[in-house]
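Chain and residue survey
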Amino acid sequence: MTRSLSRAAQPTQAAILLLAFTIFGIYLLSSSWRFPIGEDGRATLATSRSLLARRTLAIDAAFASDEGYGPRAKIGVDGRAYAKAGLGLPIAELPFVATGLLMSKLAGLPEAHTLASVLSLLNPLVSASTAIVVYELCQTVGCSPVAALLTAIAYAFATFAWVYAGVDGTEPLQALCLAVSLLLLIRYRSERHARLLSGSSVALACAIVTKPANGVLVPALGLYALSAVRARRLSWRETVPVLMRFAVPLAICVLFLSWLNWFRFGSVLETGYEPHAFMNRFLGGIYGLVFSFNKGILFYAPPLVLAPVGLWIMRRSQRREAMLIAVASVTYICLFAKFYNWGGGWSWGPRYLMPIVPLLMMPVARAAATARVWRYAGAGLFIAGLLLNGVGVLVDGDAYHTAIMNVDLTDRTGFVQVGSVVDPSRMVNMPVPPDYVLPEFSEIVGKLWLARVAWDACACDEDTAKCGCRTSQLEKNGQFSSPPWMRHYPQIHPLPPYGSRLINPWIANWIHRSFIGKLLTRPCPSAEQERVGQTWPRVFMGRMHSQHFGQFSPTAWVTSQTHAPIPTP
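Cut-offs and rules
- Residues numbered from 1 in each chain as written.
- Predicted model: local features only at pLDDT ≥ 70, side-chain atom pairs only at ≥ 80, totals over all residues.
- Heavy atoms only, no water.
- Helix = DSSP H or I, 4+ residues; strand = E, 2+ residues; numbered from the N terminus.
- Buried < 20%, exposed > 50% of the residue type's maximum accessible area, 1.4 Å probe, protein only.
- Contact = heavy atoms within 4.5 Å.
- Areas by Shrake-Rupley, 256 points an atom, 1.4 Å probe, with all protein chains shown as cover.
- Salt bridge = Lys/Arg side-chain N within 4 Å of Asp/Glu carboxyl O.
- Pairing = 2+ DSSP bridges.
- Axes fitted to C-alpha atoms, helices over the stretch in contact; angles between N-to-C directions.
- pLDDT = per-residue confidence, 0-100.
- Lys, Arg positive; Asp, Glu negative; His and termini not counted.
- Phe/Tyr/Trp six-rings, centres within 6.5 Å; stacked < 30°, edge-to-face > 60°.
- Expected span 1.5 Å × (residues − 1).
- Patch = residues over 30% accessible without salt bridge, like charges linked within 9 Å, V, L, I, M, F, W, Y side chains within 5 Å.
- Disulfide = S-S within 2.5 Å.
- Core = buried A, V, L, I, M, F, W, Y, C linked by side-chain atoms within 4.5 Å.

1. Topic: the overall build of the protein chain
- Secondary structure assignment for the protein chain yields 25 helices and eight strands.
- Expressed as a percentage of its 569 residues, the buried residues of the protein chain come to 56%.
- In the protein chain, the share of contacts with a sequence separation of at least 24, taken over all contacts with a separation of at least 6, comes to 75%.
- Of the roughly 24600 Å² that the protein chain leaves accessible, carbon and sulfur atoms contribute 64%.

2. Comments concerning the pattern of salt bridges
- Applying the stated criterion to the full structure yields 11 salt bridges.
- Lys84 is the salt-bridge partner of Glu274, the closest N and O atoms lying 3.0 Å from each other. Taken together, the residues Glu274 in the loop between helix H11 (236–265) and helix H12 (282–290) and Lys84 in the loop between strand E3 (81–83) and helix H3 (88–107) connect sequence positions 190 residues apart. Residues Glu274 and Lys84 agree in their burial class; the two are buried.
- In this structure, Asp461 and Arg513 form a salt bridge, with 3.3 Å as the shortest nitrogen-oxygen distance. Separated by 52 residues along the polypeptide, Asp461 in strand E6 (residues 458–461) and Arg513 in helix H22 (residues 506–516) bring together distant segments of the chain.
- Judged by relative accessible area, which is 11%, Asp461 ranks as buried.
- Owing to a relative accessible area of 31%, Arg513 belongs among the partly exposed residues under this scheme.

3. Some points on the sheet that holds E3
- Reading across from one edge, E1-E3-E2 is the order of the three strands in this open sheet, with antiparallel pairing throughout. Pairing within the sheet leaves two strands with one partner each, and these edge strands are strand E1 (58–59) and strand E2 (73–75).
- Where E1 and E3 come together, two bridges link them in antiparallel fashion. Looking across to E3, one finds that Ile59 is bridged to Ala81.
- Lying on the sheet, H11 is in contact with E2 and E3; it crosses E3 at an angle near 150°.

4. Here's the deal with the confidence of the model for the protein chain
- Here the protein chain averages 86 in pLDDT, while 88% of its residues score no lower than 70.
- pLDDT under 50 marks residues 1–11. Its contacts with residues more than four places away, or in other chains, come to zero contacts.
- Predicted confidence is poor over residues 522–569, with pLDDT under 50, and the contacts of this stretch with residues over four places away or in other chains come to 104 contacts.

5. So, the side chain of Asp435
- Positionally, Asp435 belongs in helix H20 (residues 434–437).
- Buried Asp435, no salt bridge; nearest opposite-charge side chain is Lys295, N-O distance 4.5 Å.
- Discounting residues that sit within four places of it in the chain, Asp435 has contacts with Asn294, Lys295, His401, Ile404 and Phe441.

6. Let's talk about the packing of aromatic side chains
- Per the stated rule, a full pass over the model turns up 21 aromatic pairs.
- An angle of 45° between the planes, with centres 5.7 Å apart, marks the rings of Phe441 and Tyr489 as tilted. Of the two residues, Phe441 sits in the loop between H20 and helix H21 (443–455) while Tyr489 sits in the loop between strand E7 (466–469) and H22, which places them 48 residues apart along the sequence.
- Summarising the aromatic geometry, the rings of Trp449 and Phe480 are spaced 5.5 Å apart at their centres and angled 25° between planes, so their arrangement reads as stacked.

7. Some words on helix H6 (residues 145–157)
- For H6, which comprises 13 residues, the first-to-last C-alpha distance of 18 Å matches the rise-based estimate of 18 Å (1.5 Å per residue) to within 8%.
- Of the residues making up H6, those classed as buried are Ala147, Ala148, Leu149, Thr151, Ala152, Ala154, Tyr155, Ala156 and Phe157.

8. Side note on a nonpolar patch on the surface
- A contiguous nonpolar patch, built from Phe256, Trp259, Trp262, Phe263, Val268 and Leu269 and spanning about 660 Å² of accessible area, is present on the exposed surface.
- Along the chain, the position of Leu269 falls in the loop between H11 and H12.
- Judged by its relative accessible area of 76%, Leu269 is exposed.

9. Structural notes on the pairing of E7
- With four bridges joining them, E6 and E7 adopt antiparallel strand pairing. Counterpart to Cys458 in the pairing with E7 is Cys469.
- Counted along the chain from E6 to the antiparallel partner E7, the turn is four residues long, and its residue Ala465 has a positive phi close to 55°.

10. Things to note about the state of the cysteines
- The full count for this structure, using the stated rule, is two disulfides.
- The disulfide bridge from Cys458 ends at Cys469, spanning 2.1 Å between sulfur atoms. Its S-S torsion of about 110° marks the bond between Cys458 and Cys469 as right-handed, since a negative value means left-handed. Residue Cys458 is located in strand E6, and its partner Cys469 is located in strand E7; the two are separated by 11 residues in the primary sequence. Both residues of the pair, Cys458 and Cys469, count as buried.
- In this model, Cys460 is linked to Cys467 through a disulfide, with the two sulfur atoms separated by 2.1 Å. The disulfide joining Cys460 to Cys467 has a torsion of about 105° about its S-S bond and is therefore right-handed.
- On the basis of relative accessibility, which here comes to 0%, the residue Cys467 falls in the buried class.
- No disulfide involves Cys138; its sulfur sits 5.3 Å from the nearest other cysteine sulfur, which is in Cys143.
- A relative accessible area of 0% means that Cys138 is categorised as buried.

11. As for helix H8 (residues 171–191)
- The terminal C-alpha atoms of H8 lie 30 Å apart, and with 21 residues this matches the ideal 30 Å at 1.5 Å per residue to within 8%.
- Of all 21 residues in H8, 17 are buried; the element is thus mostly enclosed.
- Positive backbone phi, at 60°, marks Arg192, one or two positions downstream of H8.

12. Considering the nonpolar core
- Counting 129 residues, the largest nonpolar core has Tyr155 and Phe160 as the members making the most contacts within it.
- Considering every element that reaches this core, the biggest residue donor is H8, with 12 residues.
- With residues up to four places along the chain from it excluded, the contact list for Phe160 reads Ile297, Tyr300, Ala301, Trp348, Pro350, Leu353, Met354, Val357 and Asn389.

Here it is, written out as structure tokens:
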């Protein structure tokens, strides 16, 4: 009997392994093989290199140079700059950075190229691992192996996890840590091994070190751990040591972060982020993060439409797990709804909600496994998510955001206040970007528009800063001159995305460039702009922005992911 069960389980294990390698391989094909991509990624890589080479967290002071809104680092008490992001990703990058530097030295290749190649493996690997954890999570709530496999595939390709697998952010690592923490905690409830409780706490602590905002999930997970321990009907003398297995790693994490803040900035509460950062309109943030066409999670992860149905079904047999997922998700959404930059900057969808998507896939699987109608709905939502996020992967996000740099619609979008990093006593007004709130500027329709532009045999070259089309200059192309907002805002013309390529994945970009041939015949408008390459649109927009809004720092424009700040009188 045991032998037959073992043989029956073998195909499932083989399928899981095949699934992991398949997801990882597709992620690699979808990647741009560029690293770092943005200023956050550059600051993270600089921290990793500094840790590896000089045994210090200090990085180049240029990361802290800004007017006060968007620096990636802050000057510490010792006069050196320290990245404000968490240490989880820099630590995870250390072996990859060491490998890249060693390969560069042994093979005589440029460091930038080898580091980009090696580090481009990290987030695809992390994201593929998270998909497997999603499979395990679905089985813990009673789903069949087939349903769990399909849900893992849906997570990997029908949500914005696919897009973030190819970028340099911390979101994939946060998602993996939180998913592992929840998986081990739920397993502890049934298996009652104390090491599972300790492992769950360590995974949660890693998520907090990666991004301290994950600390808001400690109460929800802690209460679930307490209920799981109390379900064993132990005496208080026996309960306290078991609970300490969960509490001690988190306490060490808090002490470490407090020491880190004091060491860098002279205060245990100073993280380097902007003060008074939670000034956004709460209800507007809730709507924007959940329901809006611009940044709503239901648009960028369509299978999550079934999550409320699954939670309602789970209340019968997995009431505690349903409550945990619901409370953790609502807490996370409410936190970032108040955050001044709730949209996440130049990002695809609600970037800050990416870490809770694996948790919400559990009720999705539960709903799809319950009734045929929900299975049909899940299939349709999977196709919608696959197509939408496929476009998100295909088209380069920087190309679209460069195209809308000249958009000034603050009379429609308004402002949100945030404290200045340089002067904590001063508040600055940040314009709300149009792609956060105006449907015509949603990145969904924006990337579909640029996909049609690329299909019309137009391309941009990020190395030589040239754009062109088969039949004309990019600005004269009919598709490019008809952006999705033209009907409502005909006075706003898109900027050519010099310095960004239209097609993002390396293999798709190679096919596209091979198909259109030597098309990039139009140089930048002047020799000076040709020399500066990809920075000229940002410099131009910096000048334009200063004419409209007064004082402006070009450095702030280059380093920030959204519009520059506006000092209040």
